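Chain by chain, the residues run as shown.
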Amino acid sequence: MNMKNDADMREHFIERNEVFNGRVLKISVDKVTLPNGRPATRELVRHPGAAVILPVTQEGLVVFVRQYRYAVDEVLYELPAGKLDKGESPENCARRELTEETGYAAQNMEKLLSIFTVPGFCDEVIHIYKATGLHLKKQSLDEDEFLKVCLLDPAEVKRMLKAGIICDAKTLCALFVSGITNE
């Protein structure tokens, strides 16, 4: 892929109007100049980034969490994940979130991929890690977190994928890129 020839596709920033500055998100309306010279606006959600972890036990089980997601009003099966704290590296975030949410710590953390979640309006990048060499420590959920830990074998994960039970995008990406359900 040759991106050197993409200059004629780029939009150029003019100014930003921040309309919301929350605990997790910032929202702005930017003025830009399109490649054809015309002005346009872009509504953007700014996010600090996150890490998702595909934890696999020595027995080959995948560690999932189940938690209620208010935005979709459902309890979802997801891989453990969380947002990066200011100045935190993606791997440190992955290690921290794995232990906080599941109680497991990983001897090995392998970066698989980084993805843009919804690049049409959000700058969030999620870093995907595979965690192995797990050992149980102590779960330490945030006071606003309520979740259950589930260990699933890859055949059950595959069945749940086919049935549409696992439908969280970051989880789907992590499972796909790892190939764990192809084994």
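Here's a quick rundown of the structure. Note on numbering: residues in each chain are counted from 1, in written sequence order. Since the coordinates come from a predicted model, pLDDT governs what is reported: local features require at least 70, and pairs of side-chain atoms require 80 or more to be given and counted, while whole-chain, interface and lining totals use all residues. For side-chain calculations, the full set of non-hydrogen atoms in the structure is used, while hydrogens and water are omitted.

### So, the pattern of salt bridges
A side-chain nitrogen of Lys or Arg and a carboxyl oxygen of Asp or Glu constitute a salt bridge if their distance falls within 4 Å. Enumeration according to the criterion identifies 15 salt bridges in this entry. For the salt bridge of arginine 42 with glutamate 11, the shortest nitrogen-to-oxygen distance reads 2.6 Å. Here glutamate 11 lies in the segment before β1 (12–21) and arginine 42 lies in strand β3 (residues 39–46), a separation of 31 residues in the sequence. The shortest N-O distance in the salt bridge between glutamate 88 and arginine 96 comes to 2.8 Å. Working definition: with a 1.4 Å probe on protein chains only, accessible area under 20% of the residue-type maximum means buried, over 50% means exposed, and in between means partly exposed. Looking at glutamate 88, the relative accessible area reads 19%, which means it is buried. A run of H or I in DSSP counts as a helix once it spans at least four residues, and a run of E counts as a strand once it spans at least two, with each numbered from the N terminus.

### Describing the packing of aromatic side chains
In this analysis, rings of Phe, Tyr and Trp, with Trp reduced to its six-membered ring, are considered paired at centre separations within 6.5 Å, and the interplanar angle assigns stacked below 30 degrees, edge-to-face beyond 60, and tilted for intermediate values. Throughout the structure, instances matching the rule amount to zero aromatic pairs. Definition used: whenever NZ (Lys) or CZ (Arg) falls within 6 Å of the ring centre and also within 35 degrees of the ring normal, the charge is taken to sit over that ring. Its guanidinium or amino end placed over the ring of tyrosine 77, arginine 66 lies 4.8 Å from that ring's centre, counting from NZ or CZ.

### Thoughts on helix α2 (residues 154–162)
Residue pairs three or four apart in sequence face the same way in an α-helix, which turns once every 3.6 residues. Where α2 begins, the capping side chain belongs to aspartate 153, and its oxygen is found 3.0 Å from the backbone nitrogen of alanine 155. Just beyond α2, the residue with positive phi is glycine 164, at close to 75°. Polar contacts here mean pairs of N or O atoms no more than 3.5 Å apart (in protein, one a potential hydrogen donor and the other a potential acceptor; neighbouring residues in sequence count only if both atoms are side-chain atoms).

### So, the sheet that holds strand β2 (residues 26–33)
Two strands make a pair as long as DSSP finds a minimum of two bridges between them. Spatially, β1-β2-β3 is the arrangement adopted by the three strands of the open sheet, whose pairing is antiparallel. On the outer flanks of this sheet lie β1 and β3, each paired with one strand and no other. Strand-to-strand twist in this sheet, taken as the mean axis angle between neighbours without regard to direction, amounts to 20°. Bridge count for β1 against β2 is eight bridges, and the pairing is antiparallel. Here an angle of 0 to 180 degrees is reported between the N-to-C directions of two axes, which are lines fitted to C-alpha atoms, with helices fitted over the stretch in contact.

### Structural notes on the sheet that holds strand β7 (residues 81–83)
Pairing is mixed in the open sheet, where four strands are placed in the order β7-β4-β9-β8. A single partner strand is all that each edge strand has here, and the edge strands are β7 and β8 (104–116). Sheet twist, expressed as the average angle between the axes of neighbouring strands with direction ignored, equals 25°. Bridging between strand β4 (residues 50–55) and strand β9 (residues 125–136) involves six bridges; their strand directions are parallel. If you follow alanine 51 over to β9, its bridge partner there is histidine 127. Across the face of the sheet, helix α1 (residues 90–102) comes into contact with β4, β7, β8 and β9 while running at roughly 125° to β8. By definition in these notes, contact holds between two residues if any of their heavy atoms fall within 4.5 Å.

### Some remarks on the nonpolar core
Take the buried residues of types Ala, Val, Leu, Ile, Met, Phe, Trp, Tyr and Cys, join any two whose side-chain atoms come within 4.5 Å, and each joined set is a nonpolar core. Core analysis: the largest hydrophobic core is formed by 20 residues, its most contacted members being Phe64, Tyr77, Leu79, Ile166 and Leu175. Elements with a minimum of two residues in this core: β4, β5 (62–69), β9, β10 (147–152), α2 and α3 (169–178). Looking at this core, the element that brings in the most residues is β4, giving three residues. With sequence-adjacent residues up to four places away left out, tyrosine 77 is seen in contact with Phe64, Val65, Arg66, Cys150, Leu152, Met160, Ile165, Ile166, Asp168 and Thr171. By size, the runner-up hydrophobic cluster in this structure holds 13 residues, among which are Ile53, Leu84, Tyr104 and Ala106.

### Remarks on the side chain of glutamine 67
For glutamine 67, the position within the fold is in strand β5. On the accessibility criterion, glutamine 67 (9% relative accessible area) is buried.

Distances and angles like these do not, on their own, reveal function.
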